Amino acid sequence: MSQLTVHVEPVIEDDVVLLTVPADVGYLGVLRTATAGLAARLHFALDEIEDLRIAVDEACAMLLAIARRDAELECRFSVTEDALSVEVAVNTVRGARLPAESSFAWKVLTALTTAASAAVEGHRASIRLLTRRSP
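Residue numbers restart at each chain and count upward from 1, following the sequence in its written direction. For this predicted model, a pLDDT threshold of at least 70 governs which residues receive local features, and a threshold of 80 or more governs which side-chain atom pairs are given and counted, while totals over whole chains, interfaces and linings are taken from all residues. Calculation of side-chain values draws on the structure's entire complement of heavy atoms; hydrogens and water are dropped beforehand.

### Description of the overall build of the protein
Elements are defined by DSSP. Helices are runs of H or I of four residues or more, strands are runs of E of two residues or more, and each kind is numbered from the N terminus. Check the secondary structure of the protein and you find three helices and six strands. N-terminal to C-terminal, the α/β element order of the protein is β-β-α-α-β-β-α-β-β. Within the protein, the proportion of its 135 residues that are buried is 41%. Working definition of accessibility: Shrake-Rupley area with a 1.4 Å probe, residue cover restricted to the visible protein chains. Of the roughly 7,700 Å² of accessible surface on the protein, 52% is carried by carbon and sulfur atoms. Think of it in three bands: residues with accessible area under 20% of the maximum for their type are buried, residues over 50% are exposed, and the middle band is partly exposed, with areas taken using a 1.4 Å probe on protein chains only.

Given below as structure tokens:
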């Protein structure tokens, strides 16, 4: 049975929204929609919202390629006054590696966001994206 959980945690300086969905391409629409809604809340321009949706989709695709079959995709959105930070993480198969920073996928992420970074620790990989609203 698939399970979708949504948890909102108030934090002193920013709002945090946690979404956990099965690590399956069929659930990426949920994350894209959440991304667009939160970016709209920050009054991002329409093209900035679409860029962020594409970046989140690309980051998730990178992680799904190395995810364990039974894994869940965890997405943490941190909303501040002028920025949206998105961290996507998944449990990975043994020996998993993310694409190199010189790959096309990383070029997309860095072109569409203010900053992008990744980490692989043990059997867990994460990608963090930061987008600041244009002045």
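### Considering the nonpolar core
By size, the foremost hydrophobic cluster in this structure holds 40 residues, and its most contacted members are Leu31, Leu63, Leu73, Phe77, Leu84, Leu109 and Ile127. Secondary-structure elements contributing two or more residues to this core are β2 (15-22), α1 (28-41), α2 (46-64), β3 (72-79), β4 (83-91), α3 (104-112) and β6 (124-132). Ranked by the residues each element gives to this core, the list is headed by α2, at eight residues. Contacts between residues were defined by any pair of non-hydrogen atoms, one from each residue, lying within 4.5 Å. Contact partners of Phe77, with chain neighbours within four places excluded, come to Asp15, Val16, Val17, Leu19, Leu31, Ala34, Thr35, Leu38, Leu84, Ser85 and Val86. We define a nonpolar core as any set of buried Ala, Val, Leu, Ile, Met, Phe, Trp, Tyr and Cys residues linked to one another through side-chain atoms lying within 4.5 Å.

### Observations regarding α2
With 19 residues, α2 should cover 27 Å at 1.5 Å per step; its first-to-last C-alpha distance of 27 Å lies within 8% of that length. Contacts from the buried residues of α2 go to α1, β3, β4, α3 and β6. Expected helix span is computed as 1.5 Å times (number of residues minus one).

### Overview of the side chain of Thr35
Position of Thr35 among the secondary structure elements: in helix α1. Taking relative accessible area as the criterion, Thr35 reaches 0% and is therefore assigned buried. Apart from the residues within four sequence positions on either side, Thr35 is in contact with Leu52, Arg53, Val56, Phe77 and Leu84.

### A word on the packing of α1 against α2
Here an angle of 0 to 180 degrees is reported between the N-to-C directions of two axes, which are lines fitted to C-alpha atoms, with helices fitted over the stretch in contact. Direction vectors running N to C along α1 and α2 enclose 145 degrees, while the axes themselves pass 9 Å from each other. The hand of the α1/α2 crossing is right-handed. Seen from α1, the contacting residues are Leu28, Leu31, Arg32, Thr33, Thr35, Ala36, Ala39 and Ala40; seen from α2, they are Ile49, Leu52, Arg53, Val56, Asp57, Cys60 and Leu64. Taken together, the residues of the contact of α1 with α2 break down into 10 nonpolar, two polar and three charged. Here a crossing is taken to be left-handed if its near helix is turned anticlockwise relative to the far helix by less than a right angle, and right-handed if that turn runs clockwise. Each residue gets one label: Ala, Val, Leu, Ile, Met, Phe, Trp, Tyr, Cys and Pro are nonpolar, Asp, Glu, Lys and Arg are charged, and the others, such as Gly, are polar.

### Overview of the packing of α2 against α3
Following both chains from N to C, one finds α2 and α3 inclined at 150 degrees, their axes separated by 9 Å at the closest point. Judged on the interaxial angle alone, α3 and α2 are roughly antiparallel. Note that α2 runs across α3; the crossing there is left-handed. Across from Asp51, Ile54, Ala55, Glu58, Ala59 and Met62 in α2, the residues of α3 making contact are Ala105, Trp106, Val108, Leu109 and Leu112. Residues belonging to the contact of α2 with α3 are distributed by class as follows: nine nonpolar, no polar and two charged. We call two directions roughly parallel when the angle between them is under 35 degrees, roughly antiparallel when it is over 145, roughly perpendicular when it lies between 65 and 115, and oblique otherwise.

### A look at unusual backbone geometry
Its identity is not glycine, yet His43 carries a phi of approximately 65 degrees, on the positive side. Within the element layout of this structure, His43 appears in the loop between α1 and α2. A residue is classified by how much of its surface remains accessible, and His43, at 66% relative accessible area, is exposed.

### So, the pairing of strand β5 (residues 115-121)
By definition, two strands form a pair when at least two bridges between them are found by DSSP. Pairing of β5 with β6 involves seven bridges; the strand directions are antiparallel. Considered in β6, the bridge of Val120 is made with Ala125. Following β5, the chain reverses through two residues before pairing antiparallel with β6; Gly122 in that reversal takes a positive phi of roughly 65 degrees.

Geometric values such as these leave the question of function open.
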